[in-house]
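Close look at the chain arrangement
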Amino acid sequence: MGARPRRRRAPATAAAVVAAAAAAPGPLGALLAAALLAAAGAQQSVTVANPVSGASPDLLPHFQLEPEDVYIVKNKAVSLACRATPATQIYFKCNGEWVHQGDHVTEHSTDRGTGLPVMEVRIEVTRQQVEKIFGLEEYWCQCVAWSSSGTTKSQKAFVRIAYLRKNFEQEPTAREVSIEQGIVLPCRPPEGIPPAEVEWLRNEELVDPALDANVYVTSEHSLVLRQARLADTANYTCVAKNIVARRRSASAAITVYVNGGWSTWTQWSGCSTSCGRGWQKRSRTCTNPTPLNGGAFCEGQNVQKTACTTLCPVDGAWSEWSKWSVCGAECTHWRSRECSEPAPRNGGRDCHGPELDTRNCTSELCSHAAPGAEDVALYVGLVAVAVCLVLLLLVGVLVYCRKKGGLDADVADSSILTAGFQPVSIKPSKADNPSLLTIQPDLSTATMTYQGSLCPRQDGPAKLQLPNGHLLSPLGAGRHTLHHSSPAAEGADFVARLSTQSYFRSLPRGTTNMAYGTFNFLGGRLMIPNTGISLLIPPDAIPRGKIYEVYLTLHKQEEVRLPLAGCQTLLSPIVSCGPPGVLLTRPAILAMGHCVEASAENWSIRLKKQSCEGTWEDVLQLGTEPCTELYYCQLEAQACYIFTEQLGRFALVGESLSMAASKRLKLVLFAPAACPSLEYNIRVYCLSDTQDVLKEVIQLEKQLGGQLIGAPRVLHFKDSYHNLRLSIHDMPSSLWKSKLLASYQEIPFYHIWSGLQPFLHCTFTLERLSPSTCELACKIWVWQVEGDGQSFTVNFNISKDTRFSDWLVPDSEVGAPALVGPSAFKIPFLIRQKIISSLDPPGTRGADWRTLAQKLNLDSHLSFFASKPSPTAMILNLWEARHFPNGNLSQLAAAVAEVGKQDGALFAVSEAEC
């Protein structure tokens, strides 16, 4: 359809204006007609000035602003406004009655976009106006706008008086609930307009369901705790508020209690009497769990008694003497008796005194005949045999000395014997291939002739006294030939071999709990710093001509699943060395810490290894003869040394045999280094007493900005099924207060005993009563129920005390994580080979490897050493694993010297000479 042409309306005459005014609704019509009639005479000939192009004078008014619902708070009047265009008149009508013209505030303007007139009108409504019709109907107001084309009405705006009653329709009530039970706290807020909003307070702190998944608020405003926790013990308050007021309900005290539970029975005590009928008892305690916050105590007896009978010991007594025997050729006769009347039994004492009695039976008048000729012949024969044996012995000694003469004669420089006790440094020549810097010489490929002394004599303060005997006999005079390769000549061949090895594999780099290196037949060592974990690869363990890239990894407990059954517990870190399946001709030694107080009657300790299928297998039980020669373990007070010819993943697992079995826990206290708020947290860590776990806790606290506030302590945690408790005491109440609701905190027994969580911690939250308080003094007790305990005395300034900061940086291990070749060993290669060749063969006076093992307190492992081709090499390898890098070569030299004391010639060599 085409647009209808718009027609310009002629200007309104005065009569028309008056008529329009007279037609206005309500009592205002007459007033408007009179007012407009006076002004009409001067405007009869006046038309609309400057009409806006395109404006339509016949449009109905539309509202740009309509009145909205409002609330009257107390006695404050409210304002309603409306704005319409095009509009010639706007008036408010409230509850069907027109509002007086004088109550309107009118503003006129022009819409810049359309040029149409805009009118805005405001009125105020008071509390008295609303109260006049209160109870009859709601008070409402509406705008009516006029134009030349007609009228338009706005929406209704309701005016209500806001209020909030004082009394809650339903308030929460105090309750006592068992732990893990659900709690519902009802709250029906007071009546009010607008309706009140509800929030909950716990000990005057806002409860936010978004921050605690255990809490939510229903649509009826009830607070629901899904499972009650000890931390939920508090005072709860329901708060209702709207624009008028804020109301608080009475606080409801919620107490979460724990009913007590019995621990397991202890073992039966010994019988009360050592002879006859007595009694024995066993006990249990109400500590699993301990009743808290008024929880019920355990029902039943805590002590049981039973009758017992002990066999009485019977001391032995002698029988009567027998009759004297016939007088013998030696002019003596004898008699005897037995300890049989009665015989000792049930632990009774044996008889005291002799069983046999002899005496002279001829009053010492016996006469002996002179030796006959046959006696003389017997004596002569014995002497002849003795002389022959002496001659044979002398011949054997001479032959032995002649064989040794080639090494004992003409010693040109005795320093060659002790050169091996000095560090060996083989510097490769400069080559284009940088990999040659870490390549150790191959002692089997080329020959280099050396003439003169291997080690020049020097005077030094620290001298080693070594005997020049058969044990370390000279290497001969004049020229000494050592098989040695040139690193420069070998470099290209080494790189070629390295790149073509089928078993060479790449490993991830940059892991703090990992070490790796490339090794050949010279061996070496891998170490993970600050963990006490290392892997020693002895010389000739890797076959000549092969090169292995070996790694050593410390696993976190959550990364590896180690199944434990019954009373088993993890005693060491889980460590991997590999690659698995490589060929080793001699055992490598894996060293790692443990946390067990080992004793054969309390523990059954096993070495576990993970198979290729992922299952864990027992490969060795400590204290018993090994079922295979592939594995052996030397267990010491805080570390174990595992001999293994197969690399893989290992862990030490123990099973307690009695309630006296115990593990070592290290207790460490940390607190924030800075305290910007009034709250201050003390964190008490309970961790397995191994270096790797302490390193992990220190790294964690460095990230949290913590500082150590006390020297670490060791606690012996027994397999008694009792929990670990922690409490804080002797804190000045005028300066500090504790937010701990219970008298102590507890860590369950099984969380600690399993060992699968290497460290656990409890937090004591304290609050300063004044921001200026900086001095903290208190005592923290950590103890196992009916077991060992430790007490920390805390007394320091929280803002500037750093006396224990040095503990946060453990002593660094000397050297790089990977050491290759001779630099990885304290005993240099030359003297090592000399000791092995001297002590492996059996010695005439016991001067062999068995004596060396005894001197080094390793004689309990003789059967294992004897099963190896070179027992002395096993002893020296274990010494290297135990004493690197701080081992004392002087002590080893002294032990070697004592083995060969029969050779008296001594020579001194300083440790710094080579």
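In this text the structure is predicted, and so the values were computed from the model without any measurement.

**Comments concerning helix 6 (residues 691-704)**
Between its terminal C-alpha atoms helix 6 stretches 20 Å, which fits the 20 Å expected from 14 residues at 1.5 Å a residue. For helix 6, the full list of buried residues reads Asp-692, Val-693, Leu-694, Lys-695, Val-697, Ile-698 and Glu-701. Packing partners of the buried residues in helix 6 comprise strand 29 (524-528), strand 31 (548-555), strand 40 (662-672), strand 41 (679-688), strand 42 (706-708) and strand 47 (759-768).

**What about the sheet that holds strand 30 (residues 533-537)?**
Strand order in the open sheet formed by six strands is 37-38-34-30-29-50, with antiparallel pairing between adjacent strands. Each end of this open sheet is capped by a strand with a single partner; those strands are strand 37 (631-635) and strand 50 (818-820). Taken pair by pair, the neighbouring strands of this sheet meet at an average axis angle of 15 degrees, ignoring direction. For strand 29 and strand 30, the ladder comprises five bridges, and the chain directions are antiparallel.

**A short note on the state of the cysteines**
Taken as a whole, this structure holds eight disulfides when the rule is applied. Shown here is the disulfide that connects Cys-271 with Cys-308, its sulfur atoms set 1.9 Å apart. Sign of the S-S torsion, about 90 degrees for the bond between Cys-271 and Cys-308, identifies this disulfide as right-handed. Of this pair, Cys-271 sits in the loop between strand 20 (252-257) and strand 21 (276-283) while Cys-308 sits in strand 22 (residues 303-310); the two residues are 37 residues apart in sequence, bridging distant segments of the chain. Accessibility expressed as a relative area gives 28% for Cys-271, which makes it partly exposed. The cysteine Cys-675 is free of any disulfide, with Cys-774 supplying the nearest cysteine sulfur at 8.3 Å.

**What to know about the confidence of the model for the chain**
The predicted coordinates ought not to be read in detail in places where the model reports low pLDDT. Mean pLDDT over the chain: 77, with 75% of residues reaching 70 or higher. Contacts for the low-pLDDT stretch residues 367-371, under 50 throughout, to residues beyond four places or in other chains number zero contacts.

**Structural notes on the pattern of salt bridges**
Pairing between side chains becomes possible if they bear opposite charge and their charged atoms approach one another. Within this structure, the stated rule accounts for 30 salt bridges. Two residues, Lys-737 and Glu-767, come together in a salt bridge whose shortest N-O distance is 3.7 Å. Of this pair, Lys-737 sits in strand 45 (residues 736-738) while Glu-767 sits in strand 47, and the two are 30 residues apart along the sequence. Since its relative accessible area comes to 42%, Lys-737 is described here as partly exposed.

**As for the nonpolar core**
Side chains of nonpolar character tend, in soluble globular proteins, to be buried together. By size, the foremost hydrophobic cluster in this structure holds 70 residues, and its most contacted members are Leu-535, Leu-552, Tyr-680, Ile-682, Leu-776, Ile-780 and Val-782. When near neighbours in sequence (up to four residues on either side) are disregarded, Ile-682 contacts Phe-670, Ile-709, Cys-762, Thr-763, Phe-764, Leu-766, Leu-776 and Ile-780. Counting residues in each nonpolar core, the second largest holds 37 residues, with Ala-639, Ile-827, Trp-879 and Ala-881 among its members.

**Description of unusual backbone geometry**
Note the cis peptide between Ile-193 and Pro-194, where omega equals -10 degrees. Relative to the assigned elements, Pro-194 resides in the loop between strand 13 (192-193) and strand 14 (197-202). Across the junction of Gly-578 and Pro-579, the peptide omega takes the value 15 degrees, indicating a cis bond. Here Pro-579 is to be found in the loop between strand 33 (574-578) and strand 34 (588-593). Located in the positive-phi region is Glu-204, a residue other than glycine, with phi close to 70 degrees. Topologically, Glu-204 is positioned in the loop between strand 14 and strand 15 (205-206). Unlike most non-glycine residues, Asn-346 shows phi in positive territory, near 55 degrees.

Criteria and cut-off values
- Residues numbered from 1 in each chain as written.
- Predicted model: local features only at pLDDT ≥ 70, side-chain atom pairs only at ≥ 80, totals over all residues.
- Heavy atoms only, no water.
- Helix = DSSP H or I, 4+ residues; strand = E, 2+ residues; numbered from the N terminus.
- Expected span 1.5 Å × (residues − 1).
- Buried < 20%, exposed > 50% of the residue type's maximum accessible area, 1.4 Å probe, protein only.
- Contact = heavy atoms within 4.5 Å.
- Pairing = 2+ DSSP bridges.
- Axes fitted to C-alpha atoms, helices over the stretch in contact; angles between N-to-C directions.
- Disulfide = S-S within 2.5 Å.
- pLDDT = per-residue confidence, 0-100.
- Salt bridge = Lys/Arg side-chain N within 4 Å of Asp/Glu carboxyl O.
- Core = buried A, V, L, I, M, F, W, Y, C linked by side-chain atoms within 4.5 Å.

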